[in-house]
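Take a look at the letters that make up each chain.
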Amino acid sequence: MASRVVLSLDEKIVGEVELAKPVTVVGRHPDCDIVIEHAAVSGRHMLFRVVDRTVYVEDLASTNGTRVNGIAVSQVVAHHLDMIEIGRHKLHLIDDALVMGRVGGLEDTVLTDFERTMLAVHAPPPPPSHRRGDDDLSRTIAIQRNPTVRVGPAQETVQTDGEVATAPRALALALRVTRGDKRGETVALDRANTMIGAAGGDTALVVKRGSAYFLARFSGGAPRLNQKELGSGTHPIAPRDVIDVGGSSFEVIQV
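Keep in mind that this is a model prediction, so the values were computed, not measured. (Residues numbered from 1 in each chain as written. Predicted model: local features only at pLDDT ≥ 70, side-chain atom pairs only at ≥ 80, totals over all residues. Heavy atoms only, no water.)

## A closer look at unusual backbone geometry
Defined as follows: Strands here mean DSSP runs of E at least two residues long; helices mean DSSP runs of H or I at least four residues long; both are numbered from the N terminus. Working definition: with a 1.4 Å probe on protein chains only, accessible area under 20% of the residue-type maximum means buried, over 50% means exposed, and in between means partly exposed.
For Asn69, which is not a glycine, the phi torsion comes out positive at approximately 55 degrees. Position of Asn69 among the secondary structure elements: in the loop between strand E7 (66-68) and strand E8 (71-73). Phi is positive for Arg240, which is not a glycine, with a value near 80 degrees. Position of Arg240 relative to the elements: it lies in the loop between strand E19 (234-236) and strand E20 (242-245). The exposed category is assigned to Arg240, whose relative accessible area is 70%.

Encoded structure:
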């Protein structure tokens, strides 16, 4: 039996997705496995990573953060009936092995077991987002996509409350390919999320948030940063850092 997540908005269920793959990505970009089209959700906001039967929740340096049972997290183990919040949306984790014979259906699960989820009610609420009325629900989609990893820049534009027109130009970074088929080429990091690696093999995600850049494992083997294998979560990168993903190597450069 696999785990699954039930997606809801304003107490209304809008989708259900089984965590059948090792990595399930949640975000606003259409390439994500669970697509949530809302301004409070980053292009690739967070992911579920399944190792054996353990489910990990990992925030991908999202603009508004990820909360588990009301607590902001970067990477944490998730358990049956935990509630994951991204913006105004909620994803409840269900372990089917624990509900066999106890829950009659999705409606019973939401109205009964979800009400017993332990919540940190004293925690501060997530950052406010512009309410667009009932059309938020109709534009929310939960889909499972082809598991083949697509490599390429993501299309996302994010503006945070702290950005002002007079802010100084942020330090811009790029990647120079030092090993692999595209040796000598430069990979621009001018988008919110940039995938590096080989489709269907080892891939990593470079996340740009404001003036900061982060590296996160995406699929396949773990990437290496300065010859150190990376664990879960996101890791900051800076000029002269060396990234190894599969058979390719990249040097972080300033542009």
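Here the narrative resumes, following the displayed structure.
## Considering the nonpolar core
Quick note on the threshold: To define a nonpolar core, start from buried Ala, Val, Leu, Ile, Met, Phe, Trp, Tyr and Cys residues and group those joined through side-chain atoms within 4.5 Å. Any pair of residues with heavy atoms lying within 4.5 Å of one another is described as a contacting pair.
In this structure, Val5, Ile34, Phe48, Ile84 and Leu91 are the most contacted members of the largest nonpolar core, which totals 19 residues. Counting only elements with at least two residues in this core, the list comes to strand E1 (3-9), strand E5 (46-51), strand E6 (54-59), strand E10 (83-86) and strand E11 (89-95). Leaving out residues up to four positions away in the same chain, Val5 has contacts with Gly15, Glu16, Val17, Leu19, Ile34, Phe48, Leu91, His92 and Leu93. Residues Tyr213, Leu225, Ile243 and Val245 belong to the second largest nonpolar core, which totals 16 residues.

## With respect to the sheet that holds E8
We apply this condition: Note on pairing: DSSP must find at least two bridges between two strands before they are called paired. Note on method: axes are straight lines fitted to C-alpha atoms, helices fitted across the in-contact stretch only, with angles between N-to-C directions ranging 0 to 180 degrees.
In spatial order, the strands read E2-E1-E11-E10-E7-E8; together these 6 strands make up an open sheet with antiparallel pairing. Sheet topology places strand E2 (12-18) and E8 at the edges, where each strand pairs with a single neighbour. If you compare each strand with its neighbour and ignore which way they point, the axes differ by 30 degrees on average. Pairing of E1 with E11 involves 7 bridges; the strand directions are antiparallel. Paired with Leu9 across the strands is His89, a residue of E11.

## Observations concerning the side chain of Arg49
Here Arg49 shows up in strand E5. The residues contacting Arg49, other than those within four sequence positions of it, are Pro22, Val23, Thr54, Val55, Tyr56, Glu58, Arg217, Phe218 and Ser232.

## Quick word on the pairing of E1
In terms of residue burial, E1 counts as a mostly covered element, since 7 of its 7 residues are buried. Neither face of E1 is exposed, since Ser3, Val5, Leu7 and Leu9 on one face and Arg4, Val6 and Ser8 on the opposite face are all buried. As defined by bridge partners, E1 adjoins E2 across 6 bridges and the pair is classed as antiparallel. What sits directly across from Val5, in E2, is Val17. Hairpin connection between E1 and E2: a loop of 2 residues separates the two successive antiparallel strands, and Asp10 in this loop has a positive phi of roughly 55 degrees.

## Observations regarding the pairing of strand E16 (residues 212-219)
Put simply, side chains in a regular strand alternate between the two faces of the sheet. In terms of strand pairing, strand E15 (residues 203-209) meets E16 through 7 bridges, oriented antiparallel. Bridging from a neighbouring strand, Lys208 pairs with Tyr213 of E16. The antiparallel pairing of E15 with E16 creates a hairpin that spans 2 residues between the two strands, and Gly210 there sits at a positive phi of about 65 degrees. Two strands pair when backbone bridges link them, and E16 and E19 are joined in this way by 3 bridges, in the antiparallel orientation. The residue bridging Phe214 from the neighbouring strand is Pro236, located in E19.

## Let's talk about the side chain of Asn69
Stated formally: Whenever two N or O atoms come within 3.5 Å, that pair is a polar contact, provided that in protein one can donate a hydrogen and the other can accept it, and provided that, for residues adjacent in sequence, both atoms are side-chain atoms.
According to the relative accessible area criterion, Asn69 is buried, its value standing at 15%. A polar contact of 2.9 Å, which involves the side chain of Asn69, links it to the side chain of Asp82.

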